[in-house]
Amino acid sequence: MTDLIGDDVEAVISEVERPEYPLIFVDTGGFKGNSYYGYDIVIKKPFLNSTYP
């Protein structure tokens, strides 16, 4: 529901993330597609946009 109410989840993650516990933000708002679209993005995100060594 963050797409609907405008929460900035990415900003919150960037504030609380620590090097020893990396977090990955994936934008999968409900209006962008069905659940399969969301699963696909969540599974691919760590591999495609990895900033980890």
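Preceding this paragraph is the structure being described.
Residues numbered from 1 in each chain as written. Predicted model: local features only at pLDDT ≥ 70, side-chain atom pairs only at ≥ 80, totals over all residues. Heavy atoms only, no water.

Trainee: Summarise the overall build of the chain; cite the residues concerned and give the values.
Mentor: In terms of regular secondary structure, the chain is built from three helices and zero strands. Taking all 53 residues of the chain together, 6% fall into the buried category. Accessible area of the chain: about 4600 Å², with a carbon and sulfur share of 58%. (Helix = DSSP H or I, 4+ residues; strand = E, 2+ residues; numbered from the N terminus. Buried < 20%, exposed > 50% of the residue type's maximum accessible area, 1.4 Å probe, protein only. Areas by Shrake-Rupley, 256 points an atom, 1.4 Å probe, with all protein chains shown as cover.)

Trainee: Account for the pattern of salt bridges, with residues named and values stated.
Mentor: Taken as a whole and judged by the stated rule, the model has two salt bridges. Residue Arg 18 is joined to Glu 20 by a salt bridge in which the shortest nitrogen-to-oxygen separation is 3.7 Å. Residue class for Arg 18 comes out partly exposed when judged on its relative accessible area of 43%. (Salt bridge = Lys/Arg side-chain N within 4 Å of Asp/Glu carboxyl O.)

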